[in-house]
Each structure stands twice: as structure tokens, then as C-alpha cells.
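Chain and residue survey
What follows is the residue order along each chain.
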Amino acid sequence: MNEKRLYSVGELAVLSGTTIRTIQYYDKINLLKAKRDESRNLRYYTQADLLTLQQILFYKKLGVSLKDIKKYLVNTKNLSEIKEILKKQSEILFQKEMEIKMNIAIIEAIVATLDTDNNYDLEPMMKIALGLNKQSILDYTNIEFDQKTSEKFEEKYPNYNDVIEFYWQWKQLILEATSYKLNNTPYQSDIGYQFGKKWAEFVKNATGDDPEMIAAFEKGLEQSHQWPEEDLFLYNFCNDFIEGTHNYYCKKGDA
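Residues numbered from 1 in each chain as written. Predicted model: local features only at pLDDT ≥ 70, side-chain atom pairs only at ≥ 80, totals over all residues. Heavy atoms only, no water.

The helix and strand tally for the protein stands at 11 helices and 3 strands. Reading the protein from its N end, one meets helices and strands in the order β-α-α-β-β-α-α-α-α-α-α-α-α-α. With the principal axes as the frame, the protein shows a C-alpha extent of 90 × 50 × 30 Å. Counting only contacts in the protein whose residues sit at least 6 apart along the sequence, the fraction spanning at least 24 positions is 70%. Of the accessible surface of the protein, which amounts to about 15,700 Å², a share of 51% is contributed by carbon and sulfur atoms. (Helix = DSSP H or I, 4+ residues; strand = E, 2+ residues; numbered from the N terminus. Contact = heavy atoms within 4.5 Å. Areas by Shrake-Rupley, 256 points an atom, 1.4 Å probe, with all protein chains shown as cover.)

Given below as C-alpha cells:
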């Protein structure tokens, strides 16, 4: 690389894929200072500045704050420090992801209820939604299963993303069932039938009708006292609705 090559702010913007305004802002906050040629009233940047800007844009894309980029990351050669900052940012992004998934689960549960009940009262569900903990899923790591049960779960869900997806499918159905129960929806109704069908399909997909997998989930239910308090409360609250609608669906002969 030609270290002596100089760039105007416009050239730097084109090469880095960002805007002139952004680069000027970084100059203003002393994150990426331009070199000055006072005799000609010019500002310019070097090849090293281009590399630094690429670092800044990379970390910014990951959601790292400009304050942290300036303090810890730009031009540092301490790889362990970079690793710690990136791990911290990964945890922040995971928390944001769980918050988004929680909001989606709430929205889809309420929308599903609104689709089937024109007299739906939103207020009780809104009160529950305001108190939900987006991090409940993390508490399941504290539950210890026997070796056989753990192996079955790992066989069915080999990576963490599969576990997360399963959890949020379950959570959405639990919230939907809670929503129906709060509105006194009868088990033996078209609404109850449709929910019972959803639950049956969820269980079938989760277990694959594998007796060992079914036994593993039953083991999980036996240890429900170790579940996060929020999930246990919601499950206990709506479990009679789930069982009632599932039995009604099965009796209709479509299961």
C-alpha cells in the first residue's frame, strides 16, 4: 500500500462507502481527525486514516457506540481488549434480539386472538405484556436434566438457534392461550378448536411422535418447578385452556 497517498474527504467517503457528513462528524468529535494544510486551507486523510475509518464503520455496524469505539477500539493492538468489547456487544445484541422476539410473540398472540374474537378486551393482556421478561429463556440453562433426557434434547435441537426458535414458538402459544383465557373463551368453540389444532401441530413438530422425545418433554414438565417464574406462572394459568382445547380438537376426530 502507498502510505503517502492522500485523500480528500470526498475521496475517503467514496472509498469507504460512507458519507462526507459522517466523516466530518468523526473529525468534529476527534474520532478521525483530518490532517490540515493551513497554507492552502485544505483537509486531507492518509491511507492509515482510511483503514481507521473502515474499523470505525465495522464496529459501528455491529452496534458498538462511538464512545466505546473511540475509547477502546480504534488503532488498538490489544486483541484481548477487542475480544472483550466484541463479546460484550454480542451480549447486548442478543438481549435486543430477545426483546424483539418477545414483542413479536406478544403481537402475534394478540393478533391471533383479534382474528377470532371481535369483542376482545386488550387491557388484561396489555398489563401482562408490560411485565414480561425478555431474558427468561436464559434461566433454562440452570435446569439440569438426566443424561438420557439431555441427549434427546441435543439430538432434536443440535444448536442454540434451534432451541431459541422452539422456545419462542412455545411462548407465543402460551401467550395466545393466556389471551383467550383472560377473555373467557370456551374450550368447545371454533376458537378453541383452532387453538387445539395449533397446539397439536406444535407438539407433533416438537416430538416427531418419537416416544423417547415425548418422554424427554414429559421430564421437562416434571421439572417445571425449576422453570423461570414468569413462564411457570403463564403455563399454570393457561394450562387448563390448552388441555381443554386440545381434547376438544382430538374428540372432533381431526388429530
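What follows concerns the packing of helix α1 (residues 9-16) against helix α2 (residues 20-28). Where α1 contacts α2, the axes come no closer than 9 Å and their chain directions differ by 115°. As far as their axial angle goes, α2 and α1 are roughly perpendicular. Viewed along their axes, α1 and α2 form a crossing whose handedness is right-handed. In contact with Val-9, Gly-10, Leu-12, Ala-13 and Ser-16 of α1, α2 contributes Ile-20, Ile-23 and Gln-24. Split by residue class, the contact of α1 with α2 holds 5 nonpolar, 3 polar and no charged. (Axes fitted to C-alpha atoms, helices over the stretch in contact; angles between N-to-C directions. Parallel < 35°, antiparallel > 145°, perpendicular 65-115°, else oblique. Left-handed = near helix turned anticlockwise from the far one by under 90°. Nonpolar A, V, L, I, M, F, W, Y, C, P; charged D, E, K, R; others polar.)

With that out of the way, let us pick up the nonpolar core. Residues Trp-170, Ile-174, Leu-175, Phe-195 and Trp-199 are the most contacted members of the largest nonpolar core, which totals 41 residues. Of all the elements in the fold, those that place two or more residues in this core are α5 (79-116), α6 (123-130), α8 (160-182), α9 (190-207), α10 (211-222) and α11 (229-251). The next biggest cluster of nonpolar side chains, apart from the first, holds 19 residues, and it includes Ala-13, Ile-23, Leu-32 and Tyr-45. (Core = buried A, V, L, I, M, F, W, Y, C linked by side-chain atoms within 4.5 Å. Buried < 20%, exposed > 50% of the residue type's maximum accessible area, 1.4 Å probe, protein only.)

Tallied over the entire structure, the rule returns 16 salt bridges. Among the salt bridges present, the one from Glu-212 reaches Lys-152, with a minimum N-O distance of 3.5 Å. One end of the pair, Glu-212, is in helix α10; the other, Lys-152, is in helix α7 (residues 147-156), with 60 residues separating them in the sequence. Put simply, Glu-176 and Lys-198 hold a salt bridge, and the shortest N to O gap is 3.0 Å. Separated by 22 residues along the polypeptide, Glu-176 in helix α8 and Lys-198 in helix α9 bring together distant segments of the chain. On the basis of relative accessibility, which here comes to 1%, the residue Glu-176 falls in the buried class. On the basis of relative accessibility, which here comes to 35%, the residue Lys-198 falls in the partly exposed class. One salt-bridge network, held together by shared partners, links Asp-27, Lys-33, Arg-36 and Arg-43. (Salt bridge = Lys/Arg side-chain N within 4 Å of Asp/Glu carboxyl O.)

Next up on the list: helix α3 (residues 47-61). If you check α3, its first and last C-alpha atoms are 21 Å apart, about what 15 residues at 1.5 Å a residue would give, namely 21 Å. Taken together, the buried positions of α3 are occupied by Gln-47, Asp-49, Leu-50, Thr-52, Leu-53, Ile-56 and Tyr-59. Of the residues trailing α3, Gly-63 is marked for its positive phi of about 90°. (Expected span 1.5 Å × (residues − 1).)

Take the packing of α8 against α9 next. Closest axis-to-axis distance for the α8/α9 pair is 11 Å, and the angle between their directions is 160°. With respect to α9, the element α8 is oriented roughly antiparallel. You can see that α8 and α9 cross each other, and the crossing is left-handed. Contact residues: α8 offers Phe-166, Gln-169, Trp-170, Leu-173, Ile-174, Glu-176, Ala-177 and Tyr-180, while α9 offers Ile-191, Phe-195, Lys-198, Trp-199, Phe-202, Asn-205 and Ala-206. Per-class residue counts for the contact of α8 with α9 are 11 nonpolar, 2 polar and 2 charged.

With that out of the way, let us pick up the packing of aromatic side chains. Evaluated as defined, the whole model comprises 21 aromatic pairs. Between Tyr-193 and Tyr-248, the ring centres sit 6.4 Å apart and the planes meet at 85°, which makes this aromatic pair edge-to-face. Of the two residues, Tyr-193 sits in helix α9 while Tyr-248 sits in helix α11, which places them 55 residues apart along the sequence. Tyr-248 matches Tyr-193 in its accessibility class, with the two residues each being buried. Grouped by ring-pair contacts, the aromatic residues Phe-145, Phe-153, Tyr-157, Phe-166, Trp-199, Phe-202 and Phe-217 constitute a single cluster. The lysine or arginine in question, Lys-252, covers the ring of Tyr-193, its NZ or CZ lying 5.6 Å from the ring centre. (Phe/Tyr/Trp six-rings, centres within 6.5 Å; stacked < 30°, edge-to-face > 60°. Lys NZ or Arg CZ within 6 Å of the ring centre and 35° of its normal.)

Let us now look at the sheet that holds strand β3 (residues 42-46). Spatially, β1-β3-β2 is the arrangement adopted by the 3 strands of the open sheet, whose pairing is antiparallel. Edge strands, defined here as strands with exactly one partner in the open sheet, are β1 (6-7) and β2 (35-37). Pairing of β2 with β3 involves 3 bridges; the strand directions are antiparallel. Looking at β3, one finds that Asp-37 is bridged to Leu-42. (Pairing = 2+ DSSP bridges.)

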